[in-house]
Amino acid sequence: MSVQRLAAPVAFLKKYATYALNRYRKLHFYGKLFIWLVVFFDLCLVALIIVVTPARIAQVSHDKAILLASTRFGWLALGGLMVCVSFPPLIGHTTLITLCGFAYGMKGFYISSTASVLGSALAFVVLRLLFSNRLKAWSSKNQKWQALESVVTTKGLPLIILIRVSPFPPWVYSNSLFASIQTVKLWQFVVATFFIFPKILLHTFIGSKLAELSDGEQRNHMDTRTKILDGVFIGVSIAVAIFTGWFVYNAVQSHIRNLEGFSPEVDELAAEAIERYDEEAPLLSPERV
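Everything quoted here is computed from the prediction, not taken from an experiment.

A. How the structure looks around the overall build of the protein. When helices and strands are counted, the protein shows 15 helices and 0 strands. Relative to its 289 residues, the protein shows a buried fraction of 37%. The long-range share in the protein, meaning contacts at least 24 apart out of those at least 6 apart in sequence, stands at 75%. Surface accessibility of the protein: about 16,600 Å² in total, with carbon and sulfur atoms responsible for 70%.

B. Main features of the nonpolar core. Ranked by internal contacts, the top residues of the largest apolar core, which has 19 residues, are V152, L159, I163, F178 and V184. Of all the secondary-structure elements, those providing two or more residues to this core are α6 (108-139), α7 (143-155), α8 (157-165), α9 (171-180), α10 (186-194) and α13 (224-257). With 4 residues, α8 is the largest single contributor of residues to this core. Those residues in contact with V184, other than ones at most four positions away along the chain, are F124, R128, V152, I160, F178 and F189. If you look at the next biggest cluster of nonpolar residues, it comprises 17 residues, including V85, Y104, F109 and I111.

C. Structural context of the pattern of salt bridges. Applying the stated criterion to the full structure yields 1 salt bridge. Between K209 and E212 there is a salt bridge, with its nearest N and O atoms 3.6 Å apart. One end of the pair, K209, and the other, E212, are both in helix α11 (residues 197-214), 3 residues apart, so they sit about a helical turn from each other. E212 gets classed as partly exposed once you look at its relative accessible area, which sits at 25%.

D. Representation of the packing of aromatic side chains. With the rule as written, the count across this model stands at 5 aromatic pairs. Seen in terms of ring centroids, F109 and Y110 are 5.9 Å apart; in terms of plane orientation they differ by 70 degrees. Their pairing is edge-to-face. Their ring planes at 85 degrees and their centres at 5.7 Å tell us that F109 and F197 sit as a pair that is edge-to-face. Of this pair, F109 sits in helix α6 while F197 is found in helix α11, placing the two residues 88 residues apart along the sequence. Residue class for F109 comes out buried when judged on its relative accessible area of 16%. Three or more aromatic residues joined by ring pairs make a cluster, and in this case those are F109, Y110, F194 and F197.

Conventions and cut-offs
- Residues numbered from 1 in each chain as written.
- Predicted model: local features only at pLDDT ≥ 70, side-chain atom pairs only at ≥ 80, totals over all residues.
- Heavy atoms only, no water.
- Helix = DSSP H or I, 4+ residues; strand = E, 2+ residues; numbered from the N terminus.
- Buried < 20%, exposed > 50% of the residue type's maximum accessible area, 1.4 Å probe, protein only.
- Contact = heavy atoms within 4.5 Å.
- Areas by Shrake-Rupley, 256 points an atom, 1.4 Å probe, with all protein chains shown as cover.
- Core = buried A, V, L, I, M, F, W, Y, C linked by side-chain atoms within 4.5 Å.
- Salt bridge = Lys/Arg side-chain N within 4 Å of Asp/Glu carboxyl O.
- Phe/Tyr/Trp six-rings, centres within 6.5 Å; stacked < 30°, edge-to-face > 60°.

What follows is the structure, given as structure tokens:
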């Protein structure tokens, strides 16, 4: 039984490792060069952390976060960044949520949740207004997209919520995905976005616990048991975030592939449209129109 339980996550990781490798092979020279530059930067960053020591870097990060929190409009700067990263191809939504918790504690949830709703709604409206003609021309020639639109139209808000809470496609691509489905209304998209609040709350909690362990003065006043508990809380929270993401994604894919009232071919095409959205995104890939 334990072997069977491990088989699904391993297959999931293997699937996306293969997917990432295939995507890399399709990149042009400059795309591959960019990937290697990112890897080189990360290696330099790891070396810097080792040389400077994690404790000193954590303390500097904590001090800067406190400075941000004490700034009159620091919350507005963080919220504005979250709105910006709601537009493709920018990334960093989850990191900024954690930063809200790092700087403001659990109060950071109010910043990150409000900015997430506003940013995603703004991205939805802007993308749909700017690319409506492109979308119509593209979707009329794409069977996968026609299948996805048909199942979303029929199943409505419950299916929209399920897709929204799934970690794939990621945040910015999810905003673009729903903007691309003409039958999805703005109010449905906003309501579905409220269902990611538990995820936002979890990452805010992780950030708040990281802040406690990053400050040398707070650490000095903690006993060993408290430090261990904080570390366990962070580790368990990260594990919960990963597991729930994997579980929800597989549940969504299984649900779409077994929808009643549609042929198996339509269900499969709709599931593939979501699974491969970042490859075939109609609002992000001008060469496909």
